[in-house]
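For reference, the chains in residue letters:
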Amino acid sequence: MKMFGTNGIRGVVNGYMTAELALKVGKSIAKVLGPGTIAVAKDTRTSADMVSCAVEAGLLSMGADVADLGMVPTPALQYYVKTHPDVVAGVMITASHNPPEFNGIKCVSSDGTECSHEEEAAIEDAYESEIACPGWDGVGSVRRVSDAGEAYVDAVVRNVDVRAVREAGLKVCLDCSNGAASQTTPLLMKRLGVRAVAINASQDGRFPGHYSEPTESNLEDLKRLVVETGSDLGIAHDGDADRCVFVTGSGRFVPGDLSLAILGRSAVKRNGGGEVVTTVATSCVVEEAVKSVGGNVAYTAVGSPVVARRMIEGGSIFGGEENGGLIFADHQFCRDGAMSAAKMLEAVASGGSLDEQVDSLPRFYTIKAAVECPDDLKGAVIKEIARRCEGGRLNQKDGLRIDYDDGWVLLRPSGTEPKFRVYSESRDEKVAKERSERFLAMASDAKESVEGDR
Ligand code: MG
């Protein structure tokens, strides 16, 4: 049975995500990733205690010891796992940006990266099997760790040019989305000597400020506050603070593609070259920005674990996705919300205001659409479209991407819905639109012809 989605096991609490399920998942994790100590952390959801206690009981019953880090961001858990050799794995209790009724279980490998699909499949197999527990004298115990958030912030600070940030005298507005960043990111600002005004910084899993997805429409208050307080920029996180998005001093929301481009350019400049990794769904603005300072870009399939693993293999310096999930090789190979905030402050301190940096990027137009398609036809439809495509260079790393001199089109099967997502990007808005419409029509037509052949 497939339980893991793109970001762990998720479900509505006491619907799919019951205490019984969490308990057995805990046992399965201990069987696959144990023996040894397993670190557990949670975000601010109202069900955090229920799910984490059940997972921990499952781990303990299998003889694993638990390091309970309490409420910290996902990257703080990952940093703890990476830096403690006796810790063999991590479990984060979070549903990231989902509505408050959801919760989830996400697994981390011994090196602090997100578990691979193979490890997740092994946990699913264990869940389906009978799991034998040790005798009474073989069960594990819990140790409470109270400083994992602070240790994570200290590590972030060590990777930033603190002097440059301090000397710039920056002022920021923070939106912690009532989530796991509520303590760590304000602390980070203090350590960096940045004046910060924070909103939604109480830990409240009902998410009274706004849902925990940092989209432009959820950040209206932040946009207004940045302007009203005359701040240099706004910083916002999702619920478990592995992601970070930005607002400029003039109150403009910065799409994730653009912050990826700005931080990629800044990383390559500081390093004097280097490779940046992103996915086939990311705007060309990243490649242009990185190339303009002598770097190069490698593309992977969608998903932050894929980006992280490619960065490790290729010795890349920076990577990420267009949703605000950014990975810094000199810190750790996972999406890192506080590190993203700190690096953006460093980029602004040394490279000029965020408004100027956004305006300095080349302009691309991206259109995102979708077309219905039953899951079992997706493979055949992709093949059929590839056959019909004329012009352009085909890339089948993830779905079908067709590159043109002035942009690209990506047809990508949705992992969660019976749909294809169709992205079209070009320097010319009209061309982007025209291609989007053409490929939507081609996908519908290919689906009909594949259905007819069945
Ligand atoms: Mg998240």
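Residues numbered from 1 in each chain as written. Predicted model: local features only at pLDDT ≥ 70, side-chain atom pairs only at ≥ 80, totals over all residues. Heavy atoms only, no water.

Participant: How do you make sense of the side chain of Asp 336 when you look at a structure like this?
Facilitator: The residue Asp 336 is located in the loop between strand S15 (326-328) and helix H12 (337-351) in this model. An unpaired buried charge is present at Asp 336: no salt bridge exists, and Lys 82, the closest side chain of opposite charge, is 8.0 Å distant. Setting aside anything within four residues of it in sequence, one finds Asp 336 in contact with Pro 75, Tyr 152, Asp 242, Leu 326, Phe 328 and His 331. (Helix = DSSP H or I, 4+ residues; strand = E, 2+ residues; numbered from the N terminus. Buried < 20%, exposed > 50% of the residue type's maximum accessible area, 1.4 Å probe, protein only. Lys, Arg positive; Asp, Glu negative; His and termini not counted. Salt bridge = Lys/Arg side-chain N within 4 Å of Asp/Glu carboxyl O. Contact = heavy atoms within 4.5 Å.)

Participant: I tried to follow the pattern of salt bridges on my own but got confused; where do I start?
Facilitator: Close approach of charged atoms allows side chains of opposite charge to pair. This structure, assessed with the given rule, holds 35 salt bridges. In this structure, Arg 270 engages Glu 346 in a salt bridge whose closest nitrogen and oxygen atoms are separated by 3.0 Å. Taken together, the residues Arg 270 in helix H9 (residues 256-271) and Glu 346 in helix H12 connect sequence positions 76 residues apart. Residues Glu 287 and Lys 291 are paired through a salt bridge, measuring 2.7 Å at the closest nitrogen-oxygen approach. Within this pair, Glu 287 and its partner Lys 291 are both found in helix H10 (residues 285-291), separated by 4 residues, close to a single helical turn.

Participant: What am I meant to see in the coordination of the magnesium ion here?
Facilitator: Each donor-metal-donor angle would ideally measure 109.5 degrees in four-coordinate tetrahedral geometry, or 90 or 180 degrees in six-coordinate octahedral geometry. Ser 96 (OG), Asp 238 (OD), Asp 240 (OD) and Asp 242 (OD) make up the full set of protein donors to the magnesium ion, lying at 2.0 to 2.3 Å. Mapped onto the sequence, the residues coordinating the magnesium ion show the spacing S-x141-D-x1-D-x1-D. The two residues Asp 240 and Asp 242 agree in class, both being buried. (Donors = N, O, S within 2.8 Å, 3.2 Å for Na, K, Ca; no water.)

Participant: Mind showing me how you'd approach the nonpolar core here?
Facilitator: Nonpolar side chains in soluble globular proteins tend to end up buried together. The biggest cluster of nonpolar side chains holds 72 residues, and the ones touching the most others in it are Leu 69, Leu 188, Met 189, Leu 192, Ile 235, Leu 345 and Leu 354. If you tally residues by element for this core, the top one is H12, at 8 residues. Ignoring anything within four residues of it in the chain, the contact list for Leu 192 reads Val 157, Val 160, Val 162, Val 165, Arg 166, Ala 342 and Leu 345. Counting residues in each nonpolar core, the second largest holds 29 residues, with Val 51, Leu 59, Cys 115 and Ile 131 among its members. (Core = buried A, V, L, I, M, F, W, Y, C linked by side-chain atoms within 4.5 Å.)

Participant: Would you explain the sheet that holds strand S2 (residues 37-42) in this entry?
Facilitator: Pairing between the strands of a sheet comes from backbone hydrogen bonds, and it takes one of two forms, parallel or antiparallel. Here we have 6 strands laid out as an open sheet, ordered S1-S5-S4-S2-S3-S6, and mixed in their pairing. Only two strands of the sheet have a single neighbouring strand rather than two, namely strand S1 (9-12) and strand S6 (142-144). Put simply, the sheet's adjacent strands are angled 20 degrees from each other on average, direction ignored. Where strand S4 (residues 87-93) lies against strand S5 (residues 102-108), 4 bridges are found, and the strand directions are antiparallel. By the bridge assignment, Ile 93 is partnered in S5 with Ile 105. On top of the sheet, helix H2 (residues 48-61) reaches S2, strand S3 (65-71), S4, S5 and S6; it is set at about 175 degrees to S2, its chief contact. Docked against the sheet, helix H3 (residues 74-83) engages S2, S3, S4, S5 and S6, running at close to 170 degrees with respect to S4. (Pairing = 2+ DSSP bridges. Axes fitted to C-alpha atoms, helices over the stretch in contact; angles between N-to-C directions.)

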